[in-house]
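Residue-level structural notes
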Amino acid sequence: MSIQRFTVIGAGQMGSGIAQVAAQSGFEVRLHDVKEELIRKGLAGIEKNLNRQVSKERISEADRDGVLSRIQPAVTLEEAANEADIVVEAVVENMEVKTSLFRRLDGMCPTHAILASNTSSLPITEIAAATQRPEQVIGMHFMNPVPVMKLVEVIRGLATSDAVYKTVEELARAMGKTPVEVNDFPGFVSNRVLMPMINEAIYTVYEGVATPEAVDEVMKLGMNHPMGPLTLADFIGLDTCLYIMETLYEGFGDSKYRPCPLLRKYVKAGWLGKKSGRGFYVYEK
């Protein structure tokens, strides 16, 4: 199957990044969100990113204008879905929200359309079960920031067909990404490995083993990580980290995935990391 028309649902940081990369790769993109102002905000972010690339002489002004011309806002979900070859969902990480959206998309999209989720931890099989086309539902988990990070986890649901997997794998390569095949287990590979490490780093602070600064220095200088786990947690969002740990804990029923009480406390306090101005570190808003 040939992908020409690419729809992104969710114009936040992940969705706008996916739309930008798709348009840069030559696809015609429709970008939708629940409010028109969120779409405008997403488009403004894309333009800002592209202007930065122009100022660094990585792309020309003509390249920038071409990319922007290939991204069209879609105010209604019907407008976004009705001609799509593939829809990539990048909405809030909540199963009820996602299954409701996929159920609606299933009734609006052409019969050949692939429905993909950018979920970082939720089961693709369960999302697919909300549709009448489970063989055409797949996970396409991009990394943040999307224009920079090369990896895409391509997650097969229980019913995902080989043809759909192959199409999405080829699509990821066409977008300049490196696809890695992953089966449908909680957290997939990236977050099943990353989040317990972040959670354990939080435990070392909780138990008074070391300060956040010390923990991050150990991992950067001793393990050659480009960013310490607590800085990374702040960047991801502590609420997102907690949600993924809860998904792992619920999915496996194993105490090794139990979220650290300090993580819960910070989230309840509204200390969500960089986006709220405070997490393990303090940030200027």
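Residues numbered from 1 in each chain as written. Predicted model: local features only at pLDDT ≥ 70, side-chain atom pairs only at ≥ 80, totals over all residues. Heavy atoms only, no water.

Before going further, it helps to spend a moment on the state of the cysteines. Counting across every chain of the model gives zero disulfides. Left unpaired, Cys260 is separated from the closest cysteine sulfur, that of Cys241, by 12 Å. (Disulfide = S-S within 2.5 Å.)

Turning next to the pairing of strand S1 (residues 5–9). Of all the five residues making up S1, four are buried; the element is thus mostly covered by neighbouring parts of the structure. As paired strands, S1 and strand S2 (residues 28–32) are joined by five bridges and run parallel to one another. Within S2, the position partnered with Phe6 by the bridge is Val29. With helix H1 (residues 13–24) bridging S1 and its parallel neighbour S2, the resulting β-α-β unit is right-handed. Sheet topology note: the S1/strand S4 (residues 86–89) ladder contains four bridges and is parallel. Residue pairing for S4: Val8 is matched across the bridge by Val88. (Buried < 20%, exposed > 50% of the residue type's maximum accessible area, 1.4 Å probe, protein only. Helix = DSSP H or I, 4+ residues; strand = E, 2+ residues; numbered from the N terminus. Pairing = 2+ DSSP bridges. Right-handed = clockwise from strand over helix to strand, strands pointing away.)

With that settled, consider the nonpolar core. Residues Phe6, Val29, Ile86, Met140, Phe142 and Met175 are the most contacted members of the largest nonpolar core, which totals 36 residues. Broken down by element, the residue count for this core peaks at six residues, all from H1. (Core = buried A, V, L, I, M, F, W, Y, C linked by side-chain atoms within 4.5 Å.)

Two numbers describe how helix H8 (residues 190–206) lies on helix H12 (residues 261–268): the axes approach to 8 Å, and their chain directions differ by 90 degrees. Taken together, the axes of H8 and H12 are roughly perpendicular relative to one another. Each of Asn199, Ile202, Tyr203, Val205 and Tyr206 in H8 lies in contact with H12, whose residues at this interface are Pro261, Leu262 and Leu263. Of the residues contributing to the contact of H8 with H12, the split by class is seven nonpolar, one polar and no charged. (Axes fitted to C-alpha atoms, helices over the stretch in contact; angles between N-to-C directions. Parallel < 35°, antiparallel > 145°, perpendicular 65-115°, else oblique. Contact = heavy atoms within 4.5 Å. Nonpolar A, V, L, I, M, F, W, Y, C, P; charged D, E, K, R; others polar.)

With that settled, the discussion passes to the sheet that holds S4. Strand order in the open sheet made by the eight strands is S3-S2-S1-S4-S5-S6-S7-S8, with mixed pairing throughout. Since the sheet does not close on itself, it has two edges, and those belong to strand S3 (71–73) and strand S8 (178–183), each with one partner. Between one strand axis and the next, the sheet turns by 25 degrees as a mean value, whatever way the strands run. Strand direction decides the pairing type here: strand S6 (residues 137–142) and strand S7 (residues 151–156), joined by five bridges, are antiparallel. By the bridge assignment for S7, Gly139 is matched with Ile155. Across the sheet, helix H5 (residues 95–108) is in contact with S1, S4, strand S5 (114–117) and S6; its angle to S5 comes to roughly 165 degrees.

This paragraph deals with the UniProt feature "site: Important for catalytic activity" (unreviewed entry) in the chain. The UniProt feature table records "site: Important for catalytic activity" (unreviewed entry) at His141. For His141, the position within the fold is in strand S6. Accessibility expressed as a relative area gives 6% for His141, which makes it buried. When near neighbours in sequence (up to four residues on either side) are disregarded, His141 contacts Ser117, Asn118, Thr119, Ser120, Leu151, Val152, Glu153, Ile155, Phe188, Ser190 and Asn191. Within the structure, the side chain of His141 is placed 2.8 Å from the side chain of Glu153, a separation counted as a polar contact. (UniProt positions renumbered as here; feature names shortened; annotations may be inferred. Polar contact = N/O pair within 3.5 Å; in protein donor to acceptor, adjacent residues only side chain to side chain.)

The subject of this paragraph is H1. With 12 residues, H1 should reach 16 Å at 1.5 Å per residue; the first-to-last C-alpha distance of 16 Å fits that figure. Considered for burial, the residues of H1 that qualify are Met14, Gly15, Ser16, Gly17, Ile18, Ala19, Gln20, Val21, Ala22 and Ala23. Note on H1: the residue one or two positions beyond its end, Gly26, has a positive phi of about 100 degrees. (Expected span 1.5 Å × (residues − 1).)

Throughout the structure, instances matching the rule amount to five aromatic pairs. Centroid distance Phe6 to Phe27: 6.0 Å. Interplanar angle 45 degrees. Geometry classified as tilted. Within this pair, whereas Phe6 is found in strand S1, its partner Phe27 is found in the loop between H1 and S2, the two being separated by 21 residues in sequence. With respect to class, Phe6 is no different from Phe27; both count as buried. With a centroid separation of 5.1 Å and 65 degrees between ring planes, the pair formed by Tyr266 and Trp271 is classed as edge-to-face. Taking the relative accessible area as the measure of exposure, Tyr266 reaches 15% and is therefore buried. Residue Trp271 is classed as partly exposed on the basis of its relative accessible area, which comes to 28%. Among the aromatic residues, ring-to-ring pairing joins Tyr266, Trp271 and Phe280 into one connected group. Taking NZ or CZ as reference, Arg156 lies 4.5 Å from the ring centre of Tyr165, over its face. (Phe/Tyr/Trp six-rings, centres within 6.5 Å; stacked < 30°, edge-to-face > 60°. Lys NZ or Arg CZ within 6 Å of the ring centre and 35° of its normal.)

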